[in-house]
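Summary of structural features
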Amino acid sequence: MPAEPTDRQAEIVATEEGVLKWACTGIEGQLNFEDIVCAVPNPERRPGCRVLFLDKNGGTGEDSSIRLATINIPSIPVALTSFLAEIPIHLRCGEPVQVVISTRSGTGTARAVFQDLLRPFLRNLSVDYRVYETQSAQSILELSQSLFLSRASTGVPQTIILLSGDGGLIDILDVFSKSKDAIRAAPTLALIPCGTGNAMASSMGLRSGPASGLAPLLRGQPIPLPTFTVKLSPGSQMVTDEGKGRVSIEPGAESDTATHHTMYGAVVASWGLHAALVADSDTTDYRRFGSERFKMAAKELLYPSDGSESHRFRGQITMTTTASDDDADLDLRSETVAENEHMYVLATLVPRLEKDFLISPDSVPLSGKIRFLRFGPQSPEEAMRLMTLAYQGGQHVREESVTYREVESLRIDFQEELERWRRVCIDGKIVVVEKGGWIVLSKEPRQLLCVLQSGP
Ligand SMILES: Nc1ncnc2c1ncn2[C@@H]1O[C@H](COP(=O)(O)OP(=O)(O)OP(=O)(O)O)[C@@H](O)[C@H]1O
């Protein structure tokens, strides 16, 4: 790694065995090809070339130690020609690219990630951009309503770069799903993972931190984002304020609020242990621990500090499945889970809920297939073992105690007295269903958003 190559004009260049060797004003250094993001013509010295690379110890944010640095070379060596960047259409669509920095995502590094990584990337590619920083939990919702949605419904193409966790994506989806206006141009979203779980980004292969989001920005294709709809019985309420507040769920685009509410998601809907640990760990205190917060809350649920048994969640679960892909519409079957007590109940569109938490190994990101996963009451030790297997390449799905199926839809009728055990998680948001209430999850047919995905 060079000492300080940024913006310097290298004098000698040699390439061998995946390494670019350079020298400038008496300093020699080298750059591994694997750290190179791309190369662009040097705007100040033609026909020179500027190489953009990841300097892994150069960042300014606490957790963000990666910085995008540059080095100028007199011409492009043959070995580097594949790095020459062509500005993709989604970065030059006429309108400035919109950059959303979610300042409270994860451990609060999104602003530093923008300054150290994304801003130099966009500037060196001469991409016109506009930045929006969140001021509150409502910011992305408001921006989506006032700007992104009106553009999409009038057919204006737009690219939105999200420096956030799953929350930013879900906020945009929420606004678009509830819109009564038709979407004439689905926005293209680029994910720069800055959150805690980063389920969607991790599932799409962006598992080595925010820098992994640069490749799809440069070389990705927009793919429609599959989503699901959850209908909830009419007494359901959204939980706010670290579990203390309750607000009504806004009516959805097609919801008849007399009979149900509607929510939308792109990642996961859960009940039981998963929903409870997401709900319990969503406090300022827990958030400080990053993704460790999920494991900490899981321990408390499995080994309650009052010494009691971990909870058996009661309710009836009904799945709708198809016999095969070929006759999807023709052969829908309804099947009720024989057991009425559960510990872990989850339906997901994605393989990973965190970087290494492979909850649904058969899921292919953006395929639109929903997979259902369940296990019944277990000892805390056995539940921990199953969860640990999920961190070990998704091996839990091979265990006999785990039900793992592709489903078309899922219904849960809750049979719980206490509200605490009727908490449902829909893409990180927590909803309490009323006593005797129900939810129905199914595929959403509308295509509202696209995400940039790198090729294989
Ligand atoms: N300035 C702010 N003030 C208050 N809340 C904010 C602010 N900026 C963002 N938020 C909220 O912080 C939360 C961050 O969610 P996000 O999903 O991006 O990160 P995360 O929860 O750490 O990651 P993940 O969802 O991937 O686990 C969102 O609820 C968002 O609305």
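Described below are features of the structure shown in this document. Here the structure is a predicted model, which means the values were calculated and not measured.

Here's the deal with the site of the ligand
As a structural note, the neighbourhood of the ligand is formed by 19 residues, with S105, G106, T134, G167 and T196 the closest of them. Backbone polar atom of A137 to an oxygen atom of the ligand: 3.3 Å apart, as the coordinates give it. Contact with the protein chains removes 81% of the 630 Å² of surface that the ligand exposes when unbound. Residues that form the shell around the ligand fall into these classes: one nonpolar, 14 polar and four charged.

Remarks on the packing of aromatic side chains
Per the stated rule, a full pass over the model turns up seven aromatic pairs. Taking 6.0 Å as the distance between ring centres and 70° as the angle between the ring planes, the aromatic pair formed by F114 and Y129 counts as edge-to-face. Here F114 is found in helix α1 (residues 110-124), whereas its partner Y129 is found in strand β9 (residues 129-133), with 15 residues between them in sequence. Since its relative accessible area comes to 6%, F114 is described here as buried. With a centroid separation of 5.2 Å and an interplanar angle of 10°, the aromatic rings of Y344 and F375 are classed as stacked. Residue Y344 is located in strand β21 (residues 344-348), and its partner F375 is located in strand β22 (residues 370-375); the two are separated by 31 residues in the primary sequence. This pair shows no difference in class: Y344 is buried, exactly as F375 is.

Structural notes on the sheet that holds strand β12 (residues 221-224)
One open sheet holds the six strands; their spatial order is β9-β8-β10-β11-β28-β12, and the pairing between them is mixed. With partners counted over all chains shown, the strands left at the sheet margins are β9 and β12, one partner each. Between one strand and the next, the sheet's axes are offset by a mean angle of 30°, whatever the strand orientation. As paired strands, strand β11 (residues 188-193) and strand β28 (residues 450-453) are joined by two bridges and run parallel to one another. Considered in β28, the bridge of T188 is made with C450. Against the sheet, helix α2 (residues 139-153) touches β8 (97-101), β9 and β10 (159-164), its axis set at about 170° to β8.

What counts, and at which threshold
- Residues numbered from 1 in each chain as written.
- Predicted model: local features only at pLDDT ≥ 70, side-chain atom pairs only at ≥ 80, totals over all residues.
- Heavy atoms only, no water.
- Near = heavy atom within 4 Å.
- Polar contact = N/O pair within 3.5 Å; in protein donor to acceptor, adjacent residues only side chain to side chain.
- Areas by Shrake-Rupley, 256 points an atom, 1.4 Å probe, with all protein chains shown as cover.
- Nonpolar A, V, L, I, M, F, W, Y, C, P; charged D, E, K, R; others polar.
- Phe/Tyr/Trp six-rings, centres within 6.5 Å; stacked < 30°, edge-to-face > 60°.
- Helix = DSSP H or I, 4+ residues; strand = E, 2+ residues; numbered from the N terminus.
- Buried < 20%, exposed > 50% of the residue type's maximum accessible area, 1.4 Å probe, protein only.
- Pairing = 2+ DSSP bridges.
- Axes fitted to C-alpha atoms, helices over the stretch in contact; angles between N-to-C directions.
- Contact = heavy atoms within 4.5 Å.

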